Every structure is written in structure tokens, then in C-alpha cells.
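# Architecture at a glance
Spelled out from the first residue to the last, the chains are:
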Amino acid sequence: MAIDLENKNIYLPRLFRIMEIIPETSDIKTFRLDLEGENSSHLPGQFAELFVPGVGEAPISITSSPTQKGILEFSIKRTGLVTSAIHRLNSNDRLGIRGPYGNTFPISDLTGQNLLFIAGGIGLAPLRSLINYVLDTEKRNQFKKVIILYGARSPQDLVFKWELKKWQMRDDITFLLTVDRGDDQWKSTVGLVPNVLKENIQVNPLEWKSIICGPPIMIKFTIKALLEMGFQPPDIITTLEMRMKCGLGKCGRCNIGPYYVCKDGPVFTYQQLQNIPEEY
Ligand code: FES
């Protein structure tokens, strides 16, 4: 099993070849790694530590679904030393990986359910692993209706445009795309994600699970909107990535309330988070 370091040195990264780099926005790129005949052992929601020799490492969520055999994908925003070093790599360079780490989206709880995915900006990256898992030909009939609401600040800030087109063409899901500010070419919805959610999505909240990820302000107001719609805290699921460093529950950097994000998360229900506001 690729990148499964069970029974091995947990600090030792393995090097994998970058087979493709997809520019997403001015500061986000998706890196597709060749697992050279192996398959990743991760499940949607998990993350890995990406390592650049001589620079350091950074925790990044795995954006590919485990149903995509032989590859791993990471969408990386250029924010610091390590992510800038990763952005300077080219196809056929090697990137160090250790992991997978963290808990997963509760797939058994989501099986047989209607799923409402809500993402903002690069927050689509961790959700995409679960979305493509659910939409996989062999998995799709294990889940009921699927709605995806995705928004970004502007059309230029949308990630995975190459895949959004495929989702738009599917007739077994409802896909809504919005931006905060459009431009001359933009023909879709303009509006903030929480507003578009309340104005466009009418579902019985007791029959749906919602999975959300995005900037903290978007998560805050999206959860508020979901609660107003009648969603229950255990049925609102989110994923956090804040302040993680070691990924192993050892450095203490990712502590929020009673949790370590890297070990107890990064996936949490709102029921778990509702009593520790302002920390995430
Ligand atoms: S990232 Fe070090 S304890 Fe969680």
C-alpha cells in the first residue's frame, strides 16, 4: 500500500515522481504524483506531510480519491517556504510524502444518505476526494442525491475548472457554481455561498448530511445558514487544517479545545466544534 508507513519509520518520507502539474489559479497548483504501480491506502479526508529536501515539510490534504488508482493529487496554495519550494518543482521532479494521517470523512455514516457538499475557494480540495469517491461508478449507487455548491471570490479563484465542467455535465447530481464578483464572461450565479445556499437549496434538512470546507469566515456563515435551514449539528461535517505541523500529535501546534486537529481530525462534526467558537 503506497504511503502507508505502518510498521515503518513514521518520520521517513518516500519520494514520488511528479507526473503532472496543473496550474489552478495565480497561486495554486495541483500536483499529480505517480505511485509507480501502487495504490494509495488513504481514505477521503486524510492528509499527508509533503517534504522538500533542504527546505522542510508541510501538511497538505489529499485531494484525489482512493478510487483513482496509481496516483495521488495535492492542490497547494503558495503561502510559505515549503509550499513556495513545491511550486518551483517541475514535472519528473520527486516530492517526499509521509502519511496518510488524520481521521476520515465518516463514510459509513454517509452511506445511504443525501449529501450536500459546500466548498469555498481551495476548500474544495479536501472535499474533492470524497466527492469523486461518491461519484465513482462503483460507489455512486451507495449514496442518494448529491448537491455540490462551490463558490470563490472571482472566476479566477475557482480551482479544478477542468473537473467542474465534468460535474456540470452529470445528470445524477445538482451542481451550483457561484462567485462573489463576476466579470464580463461570467454567466453563472453571483453571490456569497451562504446566501446562495439559503436562496437556492430547498431540502428537508433532516434527510441530508452536509459536508463543508472553505475559509473560516465562509464556514462560520455557512454553518449559521445550515442551522437556520434546520440542519442538526451532528449532520454538519467540516474539515480543518489550521496550524498543523508534525501531523503526528507530538508538537501540540494544532490544539483546539480538547482536540488535536492532526489526530482527532481534521474531520469534525459541528456538534464537536460548537462549544469552541472563534478557535477554528
Ligand atoms: S500537528 Fe503536531 S500535534 Fe498536531
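All residue numbers refer to position in the chain's written sequence, counted from 1. In view of the model being predicted, local features appear only for residues whose pLDDT reaches at least 70, and side-chain atom pairs are presented and counted only at 80 or more, with totals across whole chains, interfaces and linings using the full set of residues. Side-chain metrics rest on all non-hydrogen atoms present in the structure, leaving aside hydrogens and water.

### Concerning the overall build of the protein chain
Put simply, the rule reads: Working definition: helices are DSSP H or I runs of at least four residues, strands are E runs of at least two. Numbering for both runs from the N terminus. For this measure, only C-alpha atoms enter the radius of gyration; the expected value for a globule follows 2.2 Å times N^0.38, where N is the number of residues. Relative accessibility decides the category of a residue: with a 1.4 Å probe and only protein chains considered, values under 20% of the type maximum give buried, values over 50% give exposed, and everything between is partly exposed. For the area figures, the Shrake-Rupley method with a 1.4 Å probe applies, and any residue is considered shielded solely by the protein chains shown. The positive count covers Lys and Arg only, the negative count covers Asp and Glu only, and His and the chain ends enter neither. Lysine's charge is taken at NZ, arginine's at CZ, aspartate's at CG and glutamate's at CD.
Within the protein chain one finds 8 helices and 15 strands. The C-alpha radius of gyration computed for the protein chain amounts to 18 Å, which stays within 12% of the reference 19 Å derived for 280 residues, consistent with globular compactness. Overall, the protein chain is about 50 × 45 × 35 Å in size when its C-alpha atoms are taken along their principal axes. The buried share of the protein chain, reckoned over its 280 residues, is 55%. Carbon and sulfur atoms provide 49% of the accessible area of the protein chain, an area that totals close to 12800 Å². Once the 32 positive and 30 negative side-chain charges of the protein chain are each reduced to a mean point, those two points are 3 Å apart.

### Notes on the sheet that holds strand S6 (residues 94-101)
Worth spelling out the cut-off: Here, strands pair whenever DSSP counts at least two bridges between them. Interaxial angle, 0 to 180 degrees, is taken between N-to-C directions of lines fitted to C-alpha atoms, where a helix line uses only the stretch in contact.
Taking strand neighbours across the sheet as the criterion, the 6 strands line up as S4-S3-S6-S1-S2-S5 in an open arrangement whose pairing is antiparallel. Looking along the sheet, the strands with just one partner apiece sit at the ends: strand S4 (56-61) and strand S5 (71-77). Across this sheet, the average inter-strand angle for adjacent strands is 40°, counted without regard to direction. Bridge analysis of strand S2 (residues 28-34) against S5 gives 7 bridges, and the strand direction is antiparallel. Across the sheet, the residue bridging to Lys 29 is Ile 76, located in S5.

### Considering helix H3 (residues 124-135)
Buried residues dominate H3, accounting for 12 of its 12 residues. Those residues of H3 that sit buried are Leu 124, Ala 125, Pro 126, Leu 127, Arg 128, Ser 129, Leu 130, Ile 131, Asn 132, Tyr 133, Val 134 and Leu 135.

### Focus: the packing of helix H5 (residues 193-200) against helix H6 (residues 216-229)
Any two packed helices are characterised by the angle at which their axes cross and by the distance between the axes. Operational definition: Here the word oblique covers every angle except those under 35 degrees (roughly parallel), over 145 (roughly antiparallel) and from 65 to 115 (roughly perpendicular). Note: crossing handedness is left-handed where the near helix turns anticlockwise from the far helix by less than a right angle, and right-handed where it turns clockwise. Note on contacts: a residue pair qualifies if any of its non-hydrogen atoms lie within 4.5 Å across the two residues. When residue character is reported, Ala, Val, Leu, Ile, Met, Phe, Trp, Tyr, Cys and Pro are called nonpolar, Asp, Glu, Lys and Arg charged, and the others, Gly included, polar.
For the pair H5 and H6, interaxial distance at closest approach is 8 Å and the crossing angle is 20°. Classified by the interaxial angle, the pair formed by H5 and H6 is roughly parallel. In the crossing of H5 with H6, the sense of the turn from one axis to the other is right-handed. Together, Val 193, Pro 194, Leu 197 and Lys 198 of H5 and Met 218, Phe 221, Thr 222, Ala 225, Leu 226, Glu 228 and Met 229 of H6 make up the contact between the two elements. For the contact of H5 with H6, the class distribution of residues is 8 nonpolar, 1 polar and 2 charged.

### Looking at the UniProt feature "binding site: [2Fe-2S] cluster" (unreviewed entry) in the protein chain
Applicable threshold: UniProt positions are given in the numbering used here, feature names are shortened, and annotations may be inferred rather than shown by experiment.
Here the UniProt-annotated "binding site: [2Fe-2S] cluster" (unreviewed entry) positions come out as Cys 246, Cys 251, Cys 254 and Cys 262. Maximum C-alpha separation among the annotated residues is 10.2 Å over a sequence range of 17 residues, consistent with a single clustered spot. For Cys 246, the position within the fold is in the loop between strand S12 (236-239) and strand S13 (255-256). Owing to a relative accessible area of 13%, Cys 246 belongs among the buried residues under this scheme. Residues within four places of Cys 246 in sequence aside, it is in contact with Glu 49, Arg 98 and Cys 251. Tracing the backbone through its elements, the reader meets Cys 262 in helix H7 (residues 261-264). Beyond its immediate sequence surroundings of up to four residues, Cys 262 is in contact with Phe 47, Gly 102, Met 244, Gly 247, Leu 248, Gly 249 and Cys 254.

### Some details on the domain arrangement of the protein chain
Just so we agree on the cut-off: Boundaries between domains were set according to an automatic or database domain assignment. The quantity reported as buried area is the accessible area (1.4 Å probe) lost by two parts once they are put together, taken as the sum for both. In the sections that follow, a salt bridge refers to a side-chain nitrogen of Lys or Arg positioned within 4 Å of a carboxyl oxygen of Asp or Glu.
If you check the domain split of the protein chain, you get domain 1 (14-101) and domain 2 (107-239). The C-alpha centroid of domain 2 is placed 24 Å from the C-alpha centroid of domain 1. Every contact between the two is made by 22 residues of domain 1 and, on the other side, 18 residues of domain 2. The junction of domain 1 with domain 2 conceals about 1400 Å² of combined surface from both sides, 58% of it contributed by carbon and sulfur atoms. Scanning the region where domain 1 abuts domain 2 turns up 1 salt bridge. Of the charged contacts in the structure, one is a salt bridge between Arg 128 and Glu 73, with a shortest N-O distance of 2.9 Å. Secondary structure elements with two or more residues in the side of domain 1 that touches domain 2: strand S1 (14-25), S2 and S5. Across the side of domain 1 that touches domain 2, the residue classes tally to 7 nonpolar, 11 polar and 4 charged.

### Observations concerning the side chain of Thr 238
To keep it simple, the criterion reads: Pairs of N or O atoms are called polar contacts if they sit within 3.5 Å, as long as, within protein, a hydrogen donor faces a hydrogen acceptor (for residues adjacent in sequence, only side-chain-to-side-chain pairs).
Here Thr 238 lies in strand S12. A polar atom in the side chain of Thr 238 sits 2.9 Å from the backbone oxygen of Ile 212. Apart from the residues lying within four places of it in its own chain, the contact partners of Thr 238 are Ile 212, Cys 213, Ile 219, Pro 266, Val 267, Phe 268 and Leu 273.

### Quick notes on the pairing of strand S8 (residues 146-152)
Rules: Orient the strands so they point away from the viewer; a crossover is then right-handed if the path from the first strand over the helix to the second runs clockwise.
In terms of burial, S8 is a largely internal element, 7 of the 7 residues being buried. Burial along S8 is two-sided: the residues Val 146, Ile 148, Tyr 150 and Ala 152 and Ile 147, Leu 149 and Gly 151 are all buried. One ladder, built from 6 bridges, connects strand S7 (residues 114-120) with S8; its direction is parallel. Bridging across to S8, Leu 116 finds its partner in Ile 147. This β-α-β element, S7 to H3 to S8, shows right-handed connectivity. The pairing of S8 with strand S9 (residues 174-179) spans 6 bridges and is classified as parallel. Bridging from a neighbouring strand, Leu 149 pairs with Leu 176 of S9.

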